[in-house]
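Structural overview for review
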Amino acid sequence: NSGQDVSNAVFPIADATAPLVTVNAPNGGESWAVGSAQNITWTATDNIGVTSISLDYSTDNGTNWTVVATGESNDGTYAWTGPAPPTATALVRVTAYDAATNNASDVSNAVFTIADATAPLVTVNAPHGGENWAVGSAQNITWTATDNIGVTSVSLDYSTDNGTNWTSVATGLANSGT
């Protein structure tokens, strides 16, 4: 001691400890439907305190990430609506921050699926019933097909025995409606 009074001196104490964070759900193997409400859940702790949480997701096994939310409170849950497009290689990443801007992340332990769980809606407009088409004549088959994600292709079949047996006309058609 050089004789100086240090009793009132202020010494900054640096927080060099990053938070600890764990993704609880989705943590791998789940199948969540596109558009369904799901909860991303996690636990996060810090030696001083977690100040905020950010959430991201990947549809390509972690190559690219999309922001879900930033500046979230550390309450352990976030209500999320599963996005499109469907994928079998989705991951969630949760990042926890403390007041000293230390941060740490955890990613789902394994991929989960974001699935298209809604079947397309199809209406045959022609033939609609009661038509008489001559054998060998050219006729237009028309339809309307919609889906919450998108119709990727259309197959056309016909039956001559009231739907017991079906014969293919065409497969892999664009959804042109004709």
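All of the points below concern the structure found in this document. All of these numbers come straight from a predicted model, not from anything done at the bench.

Let us now look at the nonpolar core. By size, the foremost hydrophobic cluster in this structure holds 21 residues, and its most contacted members are Ile-53, Leu-55, Trp-80 and Val-94. With residues near it in sequence (within four places) discarded, Val-94 still touches Val-21, Val-23, Ile-40, Trp-42, Ile-53, Ser-54, Leu-55, Ala-104, Ser-105 and Asp-106.

Right, let's get into the side chain of Ser-108. Along the polypeptide, Ser-108 turns up in the loop between strand 8 (103-107) and strand 9 (112-115). Classification of Ser-108 by relative accessible area gives buried; the value is 6%. Setting aside residues up to four positions removed in sequence, Ser-108 forms contacts with Val-23, Pro-26, Asn-27, Leu-91 and Val-92.

Before going further, it helps to examine the sheet that holds strand 1 (residues 20-25). Overall, antiparallel pairing links the three strands, which are arranged 1-3-6 in an open sheet. Two strands close off the open sheet at either side, each with one partner strand: strand 1 and strand 6 (77-81). If you compare each strand with its neighbour and ignore which way they point, the axes differ by 25 degrees on average.

With that settled, consider the environment of Val-21. By the element assignment, Val-21 lies in strand 1. Spatially, the C-alpha atoms of Val-21 and Val-107 are 9.4 Å apart, while their sequence positions differ by 86 residues. Excluding anything up to four places from it in sequence, Val-21 contacts Thr-43, Ala-44, Val-94, Ala-96, Ala-104, Ser-105 and Asp-106.

Time to look at the pairing of strand 9. Of the two faces of strand 9, only one is covered, namely that formed by Phe-112 and Ile-114; the face formed by Thr-113 and Ala-115 stays uncovered. In this structure, strand 2 (residues 31-33) lies alongside strand 9, joined through three bridges in parallel fashion. Residue pairing in the sheet places Ser-31 in a bridge with Thr-113 of strand 9. Where strand 7 (residues 87-98) meets strand 9, two bridges bridge the pair, whose relative direction is antiparallel. Counted as the bridge partner of Thr-87 is Ile-114 from strand 9.

By the definition in use, this model includes three aromatic pairs. Ring centres of Tyr-57 and Trp-80 lie 5.3 Å apart, and the angle between their planes is 50 degrees; on these two criteria the pair is classed as tilted. Of this pair, Tyr-57 sits in strand 4 (residues 50-58) while Trp-80 sits in strand 6; the two residues are 23 residues apart in sequence, bridging distant segments of the chain. Assessed through its relative accessible area of 13%, Tyr-57 is described here as buried. Taking the relative accessible area as the measure of exposure, Trp-80 reaches 7% and is therefore buried. Members of the aromatic cluster, each reached through a chain of ring pairs, are Trp-32, Tyr-57, Trp-80 and Phe-112. The ring of Trp-65 is capped by Arg-93, whose NZ or CZ atom sits 4.3 Å from the centre of that ring.

All right, on to the pattern of salt bridges then. Enumeration according to the criterion identifies one salt bridge in this entry. With a closest N to O distance of 3.4 Å, Arg-93 and Asp-56 form a salt bridge. Taken together, the positions of Arg-93 in strand 7 and Asp-56 in strand 4 put the pair 37 residues apart, joining distant regions of the chain. Taking relative accessible area as the criterion, Arg-93 reaches 24% and is therefore assigned partly exposed. Residue Asp-56 is classed as buried on the basis of its relative accessible area, which comes to 9%.

This next bit is on the environment of Asn-148. Locating Asn-148 in the fold gives a position in the loop between strand 11 (142-146) and strand 12 (154-158). Looking at Asn-148, the relative accessible area reads 43%, which means it is partly exposed. Here the alpha-carbon distance between Asn-148 and Asn-61, two residues 87 residues apart in the chain, equals 24 Å.

About the cut-offs
- Residues numbered from 1 in each chain as written.
- Predicted model: local features only at pLDDT ≥ 70, side-chain atom pairs only at ≥ 80, totals over all residues.
- Heavy atoms only, no water.
- Core = buried A, V, L, I, M, F, W, Y, C linked by side-chain atoms within 4.5 Å.
- Buried < 20%, exposed > 50% of the residue type's maximum accessible area, 1.4 Å probe, protein only.
- Contact = heavy atoms within 4.5 Å.
- Helix = DSSP H or I, 4+ residues; strand = E, 2+ residues; numbered from the N terminus.
- Pairing = 2+ DSSP bridges.
- Axes fitted to C-alpha atoms, helices over the stretch in contact; angles between N-to-C directions.
- Phe/Tyr/Trp six-rings, centres within 6.5 Å; stacked < 30°, edge-to-face > 60°.
- Lys NZ or Arg CZ within 6 Å of the ring centre and 35° of its normal.
- Salt bridge = Lys/Arg side-chain N within 4 Å of Asp/Glu carboxyl O.

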